[in-house]
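Here is how the chains run, residue by residue.
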Amino acid sequence: MKALLLSLLLTIPLSAPASSDYTSLFAKARYTELLKQLEQDPVAQQDPVAQQDPELMLLRARALIQQQFREEANTLLNELIQQFPEHSALLTQAALNKIALANSGNIFNARKRATDGLELLQKAISLDPQNYLARQALINFYQVAPATAGGSKALAAELTEQLFALDPVQGTLARASNAVAEGRLSDALALLDAQLVQTPDNTELLLRKAAILTQQSAFLVAQQTYLQLQPLLTDEISRHNVNFQLGRLAVFTEHYQAEGIQALEAYLAFYDGSQQLRLPRAKLRLAQLYLRQGDKVRANALYQQIARMVIEEPDFIEARAQLAAQLSQ
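Residues numbered from 1 in each chain as written. Predicted model: local features only at pLDDT ≥ 70, side-chain atom pairs only at ≥ 80, totals over all residues. Heavy atoms only, no water.

Here Ala 29, not a glycine, exhibits a phi torsion of approximately 60 degrees, which is positive. Tracing the chain through its elements places Ala 29 in the loop between helix H2 (20–27) and helix H3 (31–39). Ala 29 sits in the buried class, given a relative accessible area of 0%. A positive phi angle, near 70 degrees, is found at Gln 68, a position not held by glycine. With respect to the secondary-structure elements, Gln 68 resides in the loop between helix H5 (54–66) and helix H6 (70–83). (Helix = DSSP H or I, 4+ residues; strand = E, 2+ residues; numbered from the N terminus. Buried < 20%, exposed > 50% of the residue type's maximum accessible area, 1.4 Å probe, protein only.)

Evaluated as defined, the whole model comprises nine salt bridges. As a salt-bridge pair, Lys 112 and Asp 116 come within 2.7 Å of each other at their nearest N and O atoms. Pair noted here: Lys 112 and Asp 116 are both in helix H8 (residues 107–127), with a separation of four residues, about one helical turn. Two residues, Arg 281 and Asp 315, come together in a salt bridge whose shortest N-O distance is 2.9 Å. Pair noted here: Arg 281 is in helix H17 (residues 279–292) and Asp 315 is in helix H19 (residues 314–328), with a separation of 34 residues, a long-range link. Look at Asp 315 and you get partly exposed, because its relative accessible area is 42%. In the salt-bridge network here, residues are joined through shared partners; they are Glu 182, Arg 184 and Asp 187. (Salt bridge = Lys/Arg side-chain N within 4 Å of Asp/Glu carboxyl O.)

Residues of the chain with pLDDT of at least 70 account for 90%, and the chain-wide mean is 91. In this model residues 1–18 is a low-confidence stretch, pLDDT under 50, and it forms 42 contacts with partners more than four residues away in sequence or in other chains. (pLDDT = per-residue confidence, 0-100. Contact = heavy atoms within 4.5 Å.)

Of note, Thr 23 is situated in helix H2. According to the relative accessible area criterion, Thr 23 is buried, its value standing at 14%. Once the C-alpha coordinates of Thr 23 and Leu 56 are considered, the two residues, 33 residues apart in sequence, prove to be 8.9 Å apart.

Now the structure itself:
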C-alpha cells in the first residue's frame, strides 16, 4: 500500500493559476527554494489572509512531504482542513499523508492515523464525487489494509465497480490495481489492454501498463509503451518520469539507446541542481549509455559526479562499481 500511496501523492493536480512560479519550482524539485519563497512572499507579508490561499498551502504541504518532513506536513494539513473543511484536494492530501505515516510510523498511533485518513478520503469523495485520486486511494486502502485496520477486499471490489460505472478508465485502473495487489499481473495487463482498445491514447492507462510491464521484467515492451506515451504527456513531472524510465530501460534492453540518452539528458537538464532523489541514478544510467556508445569522456565526467556519493542501495553500488571497472580498462 505504501508504494502506491506515495505515487498518488504526486498526482494531485498543480492547479493554482496564480502561483505558476511556485508550481514550476515544485515540478523541478526545488523544494527548499519553494518553501523559502512562500515564506517571503511579499503579497503574503502585506496581507496575512494570502498566506491561507489553500492552493499555495497545498503546494507547501507537498513540498514538505517530498523532503520527508511528513510530521510537519501533517501538522500543517491538520490546520488547513480545519480552515478549509470543504476543500476536497486538501482533505485528500491530508488523508494520504496520514496513511503513509501510519504505514511507517509509531505502532501506537498508526491505527488512529489510518482511521483518520480513511475518514478524510470518504469526506473528500462526498464533497467531490469526481475526485478520482481519493476514490483510487480509498479502494487501495480497502484492498490492501488488514481487516484489523479497516481493510475489506469485498468493499474494495464493490467500490471499484461503482467507479467503473462512473468512469470506465478510472474503474479499469482500480480493477488493475486490485489485480496487482493480488499478484495477478497478467490479469491487470489484460484489463488495461481491453480498455486501451476504447481509449488508446489515455496516458493514465499507458503509464500503469508500462509500470506493470516493468514489474514483470518485460523491459522491451515497457520501453515501447513509454515511447508511445512520450508525445502524449503535457505534465512536466509525468514527462520526466517517463524520460527516466526510458533511460534506465535502454540500459537493460540495449535497445533504443539513442532515445534513452536523449531522455536522460533532458531529465538531467530539467532537474539540474534540484532535490530530485533520482538524479544520481539518472547520471549513472546515462554514463552507462555513453560508454556503450564509445563516449568514454562524457561517461567518466558523469561517473566523477557520483563516485563519492553515499548511497546505500545495493543495486546502485554494484552498477557504479561495474561502471568504474569498465572506465578503468
